[in-house]
Amino acid sequence: MSEPTQQLPAVERGPDGGDGLDQSASAAAYEPRPTLEGEEKPGRFWSGRRVPAGLAALVLLAGVGVLLYDIAAVRAGQPAMRWRRTLSDELATRTLDDVAVLIGAGVAVALGLWLIVLAATPGLRAVLPMRRTHADIRAGLHRDAAAMVLRDRAMEVSGVQSVRVRMKRSKVEVRAVSHFRELDDVRADLDTTLGDGIKQLGLGSAPGLSVRVARPGKKG
């Protein structure tokens, strides 16, 4: 499959860990499994950009259509449309340092840069490329789906009361609350469990892992 078909909800369970999230911290990195022979890492998915492309096409089509109609009418002996006469007069009389000219130029430049950025960047940042096991098949995993899987794995660790997972492109941030057991022991188990979970996700480029464990905040 080439793009996700459903948006999953944000991933969070249980209460926040309070101000003590830095009591115990650990970070680990995991190497990605190899993909196809000779392929270092799968590329990101490109967004179709249908809405910006459609809007740009409609604006250009409307503008060119009206202009061609006016030119044809003038060729047929009809007077030019009022807007074109007004525009011609304004362009002939206004100088380059005029405020209206500068504002119009700035808007045009901003729109042009926006379209260039959209055309030159992949988009779909929420979709993580997966390992390619076949040359003709590309698969992607939504960040929220990956975070949900890792959260469920983390909740299986003994001593974990609640956990919050943030899945980024190059890093997984885990904030856990433990109500019993030593924090270092819980953190070590989370490192091991989540490390295996990241490998089993089948991502083309496995992200690093950052785990922080704290006690529940005091009530009242």
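Note: the structure precedes this text.
Residues numbered from 1 in each chain as written. Predicted model: local features only at pLDDT ≥ 70, side-chain atom pairs only at ≥ 80, totals over all residues. Heavy atoms only, no water.

## Details of the environment of leucine 118
Structurally, leucine 118 is set in helix α3 (residues 99-120). Distance from leucine 118 to proline 52, taken between C-alpha atoms, is 8.4 Å for residues 66 residues apart in sequence. With near-sequence residues (within four places) excluded, leucine 118 lies in contact with Arg49 and Pro52. (Helix = DSSP H or I, 4+ residues; strand = E, 2+ residues; numbered from the N terminus. Contact = heavy atoms within 4.5 Å.)

## With respect to the side chain of histidine 142
Looking at the element boundaries, histidine 142 is found in strand β3 (residues 140-142). The exposure class of histidine 142 is buried, given its relative accessible area of 9%. (Buried < 20%, exposed > 50% of the residue type's maximum accessible area, 1.4 Å probe, protein only.)

## Details of the nonpolar core
Core analysis: the largest hydrophobic core is formed by 27 residues, its most contacted members being Leu150, Met167, Val172, Val174, Leu190 and Leu194. Sequence-distant contacts of valine 174, that is, excluding residues within four places in its chain, are made with Val163, Arg164, Val165, Leu194, Leu209, Ser210, Val211 and Arg212. (Core = buried A, V, L, I, M, F, W, Y, C linked by side-chain atoms within 4.5 Å.)

## Re helix α4 (residues 143-155)
Taking 1.5 Å per residue as the helical rise, α4 with its 13 residues ought to reach 18 Å, and the 18 Å between its terminal C-alpha atoms agrees with that figure. Where α4 is concerned, the buried positions are Arg143, Asp144, Ala145, Ala146, Ala147, Leu150, Arg151 and Ala154. (Expected span 1.5 Å × (residues − 1).)

## What to know about a nonpolar patch on the surface
Residues Val64, Val66, Leu67, Leu68, Ile71, Trp83, Leu87 and Leu91 make up a contiguous nonpolar surface patch of roughly 710 Å² in combined accessible area. Ranked by the residues each element gives to the nonpolar patch, the list is headed by helix α1 (residues 50-75), at five residues. One can find leucine 87 in helix α2 (residues 82-93). With relative accessibility at 41%, the residue leucine 87 sits in the partly exposed group. (Patch = residues over 30% accessible without salt bridge, like charges linked within 9 Å, V, L, I, M, F, W, Y side chains within 5 Å. Areas by Shrake-Rupley, 256 points an atom, 1.4 Å probe, with all protein chains shown as cover. Salt bridge = Lys/Arg side-chain N within 4 Å of Asp/Glu carboxyl O.)

## Things to note about unusual backbone geometry
The phi angle at arginine 181 is positive, at roughly 75°, despite the residue not being glycine. Residue position: arginine 181 is located in the loop between β5 (171-178) and α5 (183-200). The class of arginine 181 is partly exposed, set by a relative accessible area of 28%.

## Some remarks on the pattern of salt bridges
Scanning the model with the defined rule gives nine salt bridges in all. Residues glutamate 90 and arginine 94 are paired through a salt bridge, measuring 2.5 Å at the closest nitrogen-oxygen approach. Residue classification places glutamate 90 among the partly exposed positions, given a relative accessible area of 31%. Residue arginine 151 pairs with aspartate 152 through a salt bridge whose shortest N-O separation is 3.1 Å. Looking at aspartate 152, the relative accessible area reads 34%, which means it is partly exposed. Linked through salt bridges whose partners overlap, the residues forming this network are Arg166, Lys168, Glu173 and Arg175.

Just geometry here; none of it tells us what the structure is for.
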